[in-house]
Amino acid sequence: MTSWVFGREYTDRTLKDLLALPYRRTTIAAAKFFTVFATALLLSIHVAVVGILLGFLIGLPGWSRSSLSDGLIVLLVTTLLTIALSTPAAFVACWGKGYLAPLGFVIFMVVVAQVVAAIGYGQYFPWAVPALFSGIAGEEPTLPWSSLLLILLTSMAGIGATFSWWLWADHQ
């Protein structure tokens, strides 16, 4: 979604039209980030609601209010961590002037995250942290705060790089 929101203007050659609007470039970039955040959060809520309804419809055994609330909290935090890691893809979309470069970047990060997590250093690689937190590896999520700080720093770096690109790049 981030690659599409930030890279589509390059592909459609409508970036100059967007830059001609009477808004600051940082306002446009911030609006794009807000759109990605809101859309991803709404999609996550949609997936949770559909999953819960389907679980009730098929009579999925072993659920309780506590397991539901615990699962929703894990899903919310995992969603927020994943959304935070989408900001470097926004910069790659701007730098690559399209939506294919960030897709390649994300696929590469997922593959590297799998390898890094498999050798035991996933807590030190930002793109592995959401999966480790969610417990998808079969273990209880016991991550140090430094892992969450690493995601925050990675997210801020992506936002800063994207804003810098929007401010100072020659948009031809």
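These numbers come from a predicted model, not from an experiment.

What counts, and where the lines are drawn
Residues numbered from 1 in each chain as written. Predicted model: local features only at pLDDT ≥ 70, side-chain atom pairs only at ≥ 80, totals over all residues. Heavy atoms only, no water. Helix = DSSP H or I, 4+ residues; strand = E, 2+ residues; numbered from the N terminus. Expected span 1.5 Å × (residues − 1). Buried < 20%, exposed > 50% of the residue type's maximum accessible area, 1.4 Å probe, protein only. Arc of directions from axis to C-beta. Contact = heavy atoms within 4.5 Å. Core = buried A, V, L, I, M, F, W, Y, C linked by side-chain atoms within 4.5 Å. Salt bridge = Lys/Arg side-chain N within 4 Å of Asp/Glu carboxyl O. Phe/Tyr/Trp six-rings, centres within 6.5 Å; stacked < 30°, edge-to-face > 60°. Lys NZ or Arg CZ within 6 Å of the ring centre and 35° of its normal.

Chemist: Sorry if this is basic, but what is going on with helix 6 (residues 100–118) here?
Modeler: Think of an α-helix as 3.6 residues a turn; residues three or four steps apart then line up on the same face. Here helix 6 spans 27 Å end to end across 19 residues, near enough to the 27 Å set by a 1.5 Å rise per residue. Those residues of helix 6 that fall on the buried side of the exposure criterion are P102, F105, M109, A113 and V116. Down the axis of helix 6, the smallest arc covering the buried residues is 75°, so these residues share one side. Opposite its buried face, helix 6 presents the exposed residues L100, I107, Q114 and A118, each directed more than 90 degrees away. On its buried face, helix 6 is in contact with helix 1 (2–12) and helix 5 (87–96). Downstream of helix 6 by one or two residues, G120 has phi in the positive range, about 100°.

Chemist: Which parts of the structure should I look at to understand the nonpolar core?
Modeler: The nonpolar side chains of a soluble globular protein tend to be buried with one another. Membership of the largest hydrophobic core comes to 15 residues, with the highest contact counts inside it found for F6, Y10, L15, L18, C94, W165 and W166. Put simply, the parts of the chain that give this core at least two residues each are helix 1, helix 2 (15–19), helix 3 (25–58), helix 5 and helix 8 (145–168). Per element, the largest residue contribution to this core is four residues, and it comes from helix 3. Excluding residues within four positions of it along the chain, C94 makes contact with F6, Y10, T162, W165 and W166. Within the second largest apolar cluster, eight residues are counted, among which are A89, M109, F125 and A128.

Chemist: Please clarify how the pattern of salt bridges should be interpreted in this entry.
Modeler: Close approach of charged atoms allows side chains of opposite charge to pair. Under the defined criterion, the tally for this structure stands at two salt bridges. As a salt-bridge pair, R8 and D12 come within 3.0 Å of each other at their nearest N and O atoms. Here R8 and its partner D12 are both found in helix 1, four residues apart, which amounts to about one turn of the helix.

Chemist: Can you walk me through the packing of aromatic side chains in this structure?
Modeler: The way to describe two aromatic rings as a pair is by their centre distance and the angle between their planes. In this structure the tally under the stated criterion is eight aromatic pairs. A centroid spacing of 6.0 Å and a plane angle of 65° characterise the contact between F33 and F163, whose relative ring orientation is edge-to-face. In this pair, F33 is assigned in helix 3 and F163 in helix 8, connecting sequence segments 130 residues apart. Classification of F163 by relative accessible area gives partly exposed; the value is 25%. For the ring pair Y121 and Y124, a centre distance of 6.3 Å and an interplane angle of 40° mean the geometry is tilted. Each member of the pair, Y121 together with Y124, is exposed. Feature note: the residues F6, F33 and F163 constitute an aromatic cluster, connected by ring pairs. The ring of F6 is capped by K32, whose NZ or CZ atom sits 5.7 Å from the centre of that ring.

Chemist: What is the right way to look at unusual backbone geometry in this model?
Modeler: Trans peptide bonds make up most of the peptide bonds, and negative phi angles are found at most residues other than glycine. A positive phi angle is found at R13, which is not glycine, with a value near 60°. Relative to the helices and strands, R13 is located in the loop between helix 1 and helix 2.

Scope: geometric values only; no functional claims are made or implied.
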